[in-house]
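Listed below are the residues making up each chain.
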Amino acid sequence: MAEVVEVNVKDIEIANNAVKLAQEMVKRGYQAKQIMPKVKKVLKKINLPFSAKDAYVAARIRLKARDKFGPLAEKLFFDESGYRYSTPSIIADYRAKRLKDYYVADVSCGAGMQLAFFGFRCKRAEGVEINKKRAFLAAMNIVSLNSNSTVYWGDAFKFETSAEVIFSDPARPESEKFRSFSTLQPNPINIMKKFEGKIFVFELPPQMPPERVTIKGEKEYTSLNFKLNRLALYTGNLSTCNVSAISLPSCERVTDLDERAKLEKGELKDLIAEVDRTVVHSNLLENLVGKLGLDAKIVYMDGRRTLLSVNELKNSAFLRYYRVLSIAKSFSECKEKLKEVGAKKVTLRFEIPPDKYWSVRKELEKELNGEKRVDLFKINEKFVICSKL
Ligand SMILES: C[S@@+](CC[C@H](N)C(=O)[O-])C[C@H]1O[C@@H](n2cnc3c(N)ncnc32)[C@H](O)[C@@H]1O
């Protein structure tokens, strides 16, 4: 059985004051052992399992959480793991909008970020979390954000609900050679057995290509700011195609139903389009080119980067355009050409070991006194100097 987690506004105020005090002290350079006793005093009357250490951890996380949650970060309570696996607010809001017409149960709600957005957008929302501390953090976040959701502490496999949609963003090992269903907790296959007859939405490891997702439904790859970030699987009425890709925040979408245009290899010309990896990983590149009516040839492709030679600029959040300024056959010629084009800063956009990136970049920038910020690609062993459009 699962228990409702009750949290009241007064306790959230106390917890918030404690986290704010810890944040201030961290910013002013105090150490944990100096901060904790002061925070403990603020927490004296709190009626929640939220210690001075929890407040200190939450404070440190709030200081870095703006990237993921914008201004909401100042209201949130996280432990390290809850934060690492929490859904960024732009994605959580998008997902909730897709499920807005339904009563949704999030059966592995973590610290409750996605659940909070279900509460804002959906017909009705509830969440269950097996880890007691995190279930409390979820309930605190729900109250702090004034979201209309209920949090339960318990095991998804013992949870009973009349929700129409079962959502789960399962826990996964930090790293694995091959991502698979078997290491996900709760396991989506078992969740489907437990809640047979419902509509399901699962967040799966985005590294999984479409052909490895064996459950029938729409596999939606999400790009956040030009980076592959999520893979959601929608079953039943929520599935609108076999594979789709969405770019956030623009919401531009491409699916396997968009007519494909055959893409061939070709020569480098004046304009390059860099393709968001999300589209390539989801096997939707030809669908995107077809949808945009783009006249394009492939000039470079590896596991991380795909570059197209194009004749015109067609607006798409999945593409970043560059104008070719100069091409060099060797590193030393590249240094000369960078001077000729008036470069000052050079962003390296080719495969390079991370520990070499800055030394190579410094070497290239050493004698530059121009004004331009340029991007440097390596295509067929040539250095291609570009400016971003
Ligand atoms: C990736 S996190 C969810 C993050 C959440 N979607 C968010 O946006 O903050 C997965 C959570 O599933 C929980 N979990 C794992 N097995 C569970 C089970 N059988 N029942 C309920 N929760 C479970 C883990 O404790 C973990 O907190």
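About the cut-offs
- Residues numbered from 1 in each chain as written.
- Predicted model: local features only at pLDDT ≥ 70, side-chain atom pairs only at ≥ 80, totals over all residues.
- Heavy atoms only, no water.
- Phe/Tyr/Trp six-rings, centres within 6.5 Å; stacked < 30°, edge-to-face > 60°.
- Helix = DSSP H or I, 4+ residues; strand = E, 2+ residues; numbered from the N terminus.
- Buried < 20%, exposed > 50% of the residue type's maximum accessible area, 1.4 Å probe, protein only.
- Lys NZ or Arg CZ within 6 Å of the ring centre and 35° of its normal.
- Domains from an automatic or database assignment.
- Contact = heavy atoms within 4.5 Å.
- Buried area = accessible area lost by both parts, 1.4 Å probe.
- Salt bridge = Lys/Arg side-chain N within 4 Å of Asp/Glu carboxyl O.
- Expected span 1.5 Å × (residues − 1).
- Polar contact = N/O pair within 3.5 Å; in protein donor to acceptor, adjacent residues only side chain to side chain.
- Pairing = 2+ DSSP bridges.
- Axes fitted to C-alpha atoms, helices over the stretch in contact; angles between N-to-C directions.
- Near = heavy atom within 4 Å.
- Areas by Shrake-Rupley, 256 points an atom, 1.4 Å probe, with all protein chains shown as cover.
- Nonpolar A, V, L, I, M, F, W, Y, C, P; charged D, E, K, R; others polar.
- Core = buried A, V, L, I, M, F, W, Y, C linked by side-chain atoms within 4.5 Å.

> Teacher, can you tell me more about the packing of aromatic side chains here?
Both the distance between ring centres and the angle between the ring planes are used here to describe each pair of aromatic rings. Counted by the stated rule, this structure contains twelve aromatic pairs. Arranged with centres 4.9 Å apart and planes meeting at 80 degrees, the rings of tyrosine 322 and phenylalanine 377 form a pair that is edge-to-face. Of this pair, tyrosine 322 sits in strand β14 (residues 319-328) while phenylalanine 377 sits in strand β16 (residues 372-379), and the two are 55 residues apart along the sequence. As far as burial versus exposure is concerned, tyrosine 322 and phenylalanine 377 are alike and both buried. In this structure an aromatic cluster arises from ring pairing among Phe69, Phe78 and Tyr83. The ring of phenylalanine 77 carries arginine 62 above its face, with NZ or CZ at 5.0 Å from the centroid. Cation over ring: lysine 378 sits above phenylalanine 350, and NZ or CZ is 5.6 Å from the ring centre.

> Whenever I open this one, the domain arrangement of the chain confuses me. Can you help?
You'll often see interface size given as the accessible area lost when the parts meet. Here the chain is partitioned into domain 1 (1-257) and domain 2 (271-388). For domain 1 versus domain 2, the separation of C-alpha centres amounts to 36 Å. Contacts between the two partners involve 24 residues from domain 1, matched on the other side by 18 residues from domain 2. Summed over both sides, the interface of domain 1 with domain 2 buries roughly 1,600 Å², with 65% coming from carbon and sulfur. Counting the surface domain 1 buries against domain 2, the share from its top three residues, Phe226, Glu252 and Val254, is 46%. The tally of links from domain 1 across to domain 2 stands at zero salt bridges.

> Looking at this model, I keep getting lost on helix α1 (residues 9-27). Mind explaining?
Along an α-helix, residues three or four apart share an orientation, since each turn contains 3.6 residues. In a regular helix each residue adds 1.5 Å, so 19 residues correspond to 27 Å; α1 covers 27 Å between its end C-alpha atoms and thus fits that length. Among the residues making up α1, those that are buried are Asp11, Ile12, Ile14, Ala15, Ala18, Val19, Ala22, Gln23, Met25 and Val26. On its buried face, α1 sits against α2 (32-42), α3 (52-64) and α8 (132-144). With a side-chain oxygen positioned 3.2 Å from the backbone nitrogen of lysine 10, the residue opening α1 is asparagine 8. At the exit of α1 stands glycine 29, carrying a positive phi of roughly 90 degrees.

> Is there a simple way to think about the sheet that holds strand β4 (residues 149-153) in this case?
Strand pairing within a sheet occurs via backbone hydrogen bonds; the two strands may be parallel or antiparallel. Read from one edge to the other, the open sheet built from ten strands follows the order β1-β4-β3-β2-β5-β6-β8-β7-β9-β10, with strand pairing classed as mixed. The sheet is open, and its two borders are formed by β1 (3-4) and β10 (252-255), each paired with just one other strand. The pairing of strand β3 (residues 124-129) with β4 spans five bridges and is parallel. Opposite glutamate 126, over in β4, you have threonine 150 as the bridge partner. Where helix α6 (residues 89-98) meets the sheet, it contacts β5 (165-168), β6 (199-204), β7 (218-224), β8 (227-234), β9 (243-248) and β10, and its direction lies at approximately 150 degrees from that of β7.

> Can you walk me through the site of the ligand in this structure?
Taken together, 23 residues are adjacent to the ligand, and Thr87, Glu129, Arg134, Ala156 and Asp169 come closest. Here aspartate 169 contributes a side-chain N or O atom positioned 2.9 Å from a nitrogen atom of the ligand. Within the complex, 93% of the 610 Å² of free accessible area of the ligand lies under protein. Looking at the shell around the ligand residue by residue, the classes come out as eleven nonpolar, eight polar and four charged.

> Where do I start with the pairing of β9 in this structure?
Regular strands have side chains that alternate between both faces of the sheet. When you tally the buried positions in β9, you get six out of six residues, the bulk of the element. Of the two faces of β9, both are covered, the one formed by Val243, Ala245 and Ser247 as well as the one formed by Ser244, Ile246 and Leu248. Counting the residues between successive antiparallel strands, the hairpin from β9 to β10 contains three residues, one of them, cysteine 251, with a positive phi of roughly 75 degrees.

> Just checking my understanding: could you explain the nonpolar core for this structure?
In a soluble, globular protein the nonpolar side chains are often hidden away together inside. Within the largest apolar cluster, 64 residues are counted, with the highest numbers of intra-cluster contacts made by Leu43, Phe50, Leu99 and Met140. Top contributing element to this core by residue count: α1, with eight residues. Apart from residues lying up to four places away in sequence, phenylalanine 50 is in contact with Ala15, Val19, Leu43, Ala55, Ala58, Phe77, Leu137 and Met140. Judged by nonpolar contacts, the second largest core, of 44 residues, contains Val107, Val128, Phe195 and Leu288.

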